[in-house]
Amino acid sequence: MPTPPAVLTEVTEECPACGRETPHTVRIEIRTESTKPENRAYSREPYRVTVCQRCETERAQRMNDA
Ligand SMILES: [Zn+2]
């Protein structure tokens, strides 16, 4: 399969809501965070957002948390 041009891809992952592996769509989303009140510089963090195609549960995982 050639590399898809868009960031939207499909993967099979464990869905806690379904309790089984289901197809998910994956997209990368840049979210602005202001979690540090003393730091006025907002950080833009990339998130990996997966949406279960079975129950439509959306999960966002910060990509920098490795
Ligand atoms: Zn699910």
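Residues numbered from 1 in each chain as written. Predicted model: local features only at pLDDT ≥ 70, side-chain atom pairs only at ≥ 80, totals over all residues.

S.K.: Break down the sheet that holds strand β1 (residues 9-15) for me, with residues and values.
M.R.: The strand order β1-β2-β3-β4 describes an open sheet built from four strands, whose pairing is antiparallel. Looking along the sheet, the strands with just one partner apiece sit at the ends: β1 and β4 (58-62). The mean inter-strand angle of the sheet, taken between neighbouring strand axes irrespective of direction, is 40°. In terms of strand pairing, strand β2 (residues 20-33) meets strand β3 (residues 43-52) through ten bridges, oriented antiparallel. Along β3, the bridge assignment pairs Thr 25 with Val 51. (Pairing = 2+ DSSP bridges. Helix = DSSP H or I, 4+ residues; strand = E, 2+ residues; numbered from the N terminus. Axes fitted to C-alpha atoms, helices over the stretch in contact; angles between N-to-C directions.)

S.K.: An account of the environment of Ile 28 is needed here, citing residue identities and associated values.
M.R.: Tracing the sequence through the fold places Ile 28 in strand β2. When the C-alpha atoms of Ile 28 and Thr 9 are compared, they prove to be 9.8 Å apart, with 19 residues separating the residues in sequence.

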